[in-house]
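Inside the fold
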Amino acid sequence: MAYEEPITDYDEIVENCTCAFCGCNCDDLTYLVKDGHVVGVRHACRLGASKVMEDMDQRLMVPMIRNEEGELVETDWETALDKAAELIAGAVRPVFYGWSETSIETMKHGIKLGELVGAVLDNQATICHGPSLQAVQNAGYPVNTLGEVKNRADMIVYSGNNAMNSHPRHMGRYSAFPRGYFRKRGRFDKTIVTMDPRYTDTAKMSDIWVGFEQNGDYEFYNAMRAVLRGKKLKKDVISGIPKEDIEELVEAMKTTQYGCLFFGLGLTHTLSKQRNIDIAINLIQDLNKFTKWNLVPMRGHFNVNGFNIFMAFEMGFPYGVDFSRGYPRYMNGETNTIDLLTREEPDVFMVIAADPGAHFPGGANRHLANIPVIQIDIHWGPSTELADIVLPGSFIGVEAAGTSYRMDGVPIYMKKAIDKPETCRDDEWIVRELHERVQKIKGEKIAGK
Ligand code: SF4
């Protein structure tokens, strides 16, 4: 990596900002501001810094509507909002998807709009940690905060997750390296284990790497539970791991003082999906008969957890919430975005702070190409290519303040550091405006106008 000169040309420092990238929600960032633009970021990892630093070449700056030739052309806010409201008000099966990279305050207006038109509201959990949420409903949620891990944990397990690449400051800020109240020597007081088929960067930083076979998670966890319950393993090798290694690992987990299991998409995306998390939760509960253990899902976006917490608080269900009957319903496999799109049900799709164009399977995106798509976002991306109406929002934690929830459920207030471009609007304002306009259209219909 080439040496980069430190940035010295700035005229303002804004401290205690929160990174709007991953579920670590690092809230110790310093922005270097010059002429109203962030020109440098201190303390963030490369992922966080590259998101916060200005990349105006990719920025969505003006509202746009796709014309009859298929081109997105600039329009004014009134026209774009009216057209979007008209589409939403006339939809039979609207889906409002995304939300994980915007504020709770914006979601509040999204729920109101969803209730008004009988939409399905869903977030990125549907393609990410949704199986973990299902498992929590099945088996419970022995969770702890990241602060408890920092101060107490002497054994940390990363299972099906490569924190060094996906959450780069996780090990440095919360788990392996920080010196905690009861872990004064930091890394020397902790045993780090990575369970992953690949020898990842996280495995390289660990004391123990358990390279079990891909899709072997359930069998491996099952074997650990059996050993923990005093059973003899009948097979010599389980999921590619010799039984002696499993026995040794279980003994270490049993005799530690405080352990935490961080798990990721290696468990939620492989065979058995939510059942992998079920059994991981069961293992933690079994371990608690001997010592203290908890787990934390490595939530991806900085506010993906926020949508699930807020939705569950407001409506009783965490994601894939269907208001089509006038009350909230939640049926996995029925009311999740990918299922709906694959069945070609939605007739209008609003995507806010997400990029399904880049991250959805082809079959789902094929239907998006055939229906009106409204996009609220700050960046041009594959979803913009699918969008018929584009509404440029603002950057939470940089240009707009808002609340988010960290991966462990701790709420963080993300402050504003600079002004947004004059032609853009706050996400919260955009969704509130849409709600008001749709309400007006519905009112006029009822009045027979
Ligand atoms: S670890 Fe995550 S939240 Fe922290 S600076 Fe990096 S991307 Fe941002």
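Up top you'll find the structure we're talking about.
A few points on the structure. Here the structure is a predicted model, which means the values were calculated and not measured.

1. What to know about the overall build of the protein
- Within the protein one finds 18 helices and 21 strands.
- Taking 2.2 N^0.38 as the reference for a compact globule, 449 residues should give roughly 22 Å; the C-alpha atoms of the protein span a radius of gyration of 23 Å, in line with that estimate.
- Projected onto the principal axes, the alpha-carbon positions of the protein cover approximately 75 × 55 × 35 Å.
- Restricting to contacts in the protein with at least 6 residues of sequence separation, those with at least 24 account for 67%.
- For the protein, the exposed surface amounts to about 19,400 Å²; the carbon and sulfur share of it is 50%.

2. Examining the site of the ligand
- Close to the ligand lie Cys19, Phe21, Cys22, Cys24, Asn25, Cys26, Ala44, Cys45, Gly48, Pro168 and Arg169.
- Residue composition of the shell around the ligand, by class: 8 nonpolar, 2 polar and 1 charged.

3. Comments concerning the side chain of threonine 270
- Along the chain, threonine 270 turns up in the loop between α11 (265-268) and α12 (274-287).
- Within polar-contact distance, the side chain of threonine 270 engages the backbone oxygen of glycine 266 at 2.7 Å.
- Ignoring sequence-local partners within four residues, the contact set of threonine 270 consists of Asn215, Asp217, Leu265 and Asn276.

4. Focus on helix α18 (residues 427-446)
- Between its first and last C-alpha atoms α18 spans 29 Å; for 20 residues at 1.5 Å apiece the expected length is 28 Å, and the two agree.
- Turning to α18, its buried residues number three or more, namely Asp427, Ile430, Val431, Glu433, Leu434, His435, Arg437 and Val438.
- Of the residues one or two after α18, glycine 448 is the one with positive phi, at around 75°.

5. Quick look at the environment of glycine 216
- Note on placement: glycine 216 falls in the loop between β10 (208-210) and α9 (217-228).
- For glycine 216, a relative accessible area of 6% corresponds to the buried category.
- Counting along the chain gives 55 residues from glycine 216 to leucine 271, while the straight-line C-alpha distance between them is 8.3 Å.

6. Some words on the environment of histidine 129
- Tracing the chain through its elements places histidine 129 in the loop between β7 (120-123) and α4 (130-139).
- On the accessibility criterion, histidine 129 (1% relative accessible area) is buried.
- Contact partners of histidine 129, with chain neighbours within four places excluded, come to Phe263, Gly264, Leu265, Thr268, Pro297, Met298 and Arg299.
- Here the side chain of histidine 129 touches serine 132 through a polar contact of 2.7 Å, side chain to side chain.
- Of the polar contacts made by the side chain of histidine 129, one reaches the backbone oxygen of methionine 298; its length is 3.2 Å.

7. A closer look at the nonpolar core
- Core analysis: the biggest nonpolar cluster contains 40 residues, and Ile88, Phe96, Trp99, Leu121, Met350, Leu391 and Leu434 have the highest contact counts within it.
- The greatest single-element share of this core, amounting to 7 residues, is contributed by helix α2 (residues 77-90).

8. Structural notes on the packing of aromatic side chains
- Tallying each qualifying case throughout the model produces 11 aromatic pairs.
- Each ring, one from phenylalanine 220 and one from tyrosine 221, has its centre 6.2 Å from the other, and the planes form 80°; the classification is edge-to-face. Take phenylalanine 220 and tyrosine 221: they sit in the same class, and that class is buried.
- Across the ring face of phenylalanine 290, the terminal group of lysine 254 is positioned such that the distance to the ring centre comes to 4.8 Å.
- Its end group placed over the ring of tryptophan 429, arginine 425 keeps NZ or CZ at 5.6 Å from the ring centre.

9. A word on the pattern of salt bridges
- All told, the structure shown has 27 salt bridges when counted by the stated rule.
- Its salt-bridge partner being arginine 437, residue glutamate 78 comes within 3.0 Å of it at the nearest N-O pair. With glutamate 78 in helix α2 and arginine 437 in helix α18, this residue pair connects regions lying 359 residues apart in the sequence.
- Notably, a salt bridge pairs glutamate 428 with arginine 432, separated by 4.0 Å at the nearest N-O pair. Separated by 4 residues within a single helix, glutamate 428 and arginine 432 lie in helix α18, roughly one turn from each other.
- Classification of arginine 432 as partly exposed rests on a relative accessible area of 32%.

10. Focus on the sheet that holds strand β9 (residues 191-195)
- Within the open sheet, the 5 strands sit side by side as β10-β9-β8-β13-β14. Their pairing is parallel. A single partner strand is all that each edge strand has here, and the edge strands are β10 and β14 (292-297). Strand after strand, the sheet turns through a mean of 15° between neighbouring axes, direction not considered.
- Note that strand β13 (residues 258-263) and β14 share 6 bridges and pair parallel. Paired with tyrosine 258 across the strands is lysine 292, a residue of β14.
- Strands β8 (155-159), β9, β10 and β14 of the sheet are contacted by helix α10 (residues 243-255), whose axis makes an angle of about 130° with β8.

11. Examining the sheet that holds strand β1 (residues 12-17)
- Spatially, 3 strands are ordered β1-β2-β3 in an open sheet, and the strand pairing comes out antiparallel. Two strands in the sheet have a free side with no partner beyond their single neighbour: β1 and β3 (37-42). Strand after strand, the sheet turns through a mean of 30° between neighbouring axes, direction not considered.

Procedures and definitions
Residues numbered from 1 in each chain as written. Predicted model: local features only at pLDDT ≥ 70, side-chain atom pairs only at ≥ 80, totals over all residues. Heavy atoms only, no water. Helix = DSSP H or I, 4+ residues; strand = E, 2+ residues; numbered from the N terminus. Rg over C-alpha atoms; globule rule 2.2 N^0.38 Å. Contact = heavy atoms within 4.5 Å. Areas by Shrake-Rupley, 256 points an atom, 1.4 Å probe, with all protein chains shown as cover. Near = heavy atom within 4 Å. Nonpolar A, V, L, I, M, F, W, Y, C, P; charged D, E, K, R; others polar. Polar contact = N/O pair within 3.5 Å; in protein donor to acceptor, adjacent residues only side chain to side chain. Expected span 1.5 Å × (residues − 1). Buried < 20%, exposed > 50% of the residue type's maximum accessible area, 1.4 Å probe, protein only. Core = buried A, V, L, I, M, F, W, Y, C linked by side-chain atoms within 4.5 Å. Phe/Tyr/Trp six-rings, centres within 6.5 Å; stacked < 30°, edge-to-face > 60°. Lys NZ or Arg CZ within 6 Å of the ring centre and 35° of its normal. Salt bridge = Lys/Arg side-chain N within 4 Å of Asp/Glu carboxyl O. Pairing = 2+ DSSP bridges. Axes fitted to C-alpha atoms, helices over the stretch in contact; angles between N-to-C directions.

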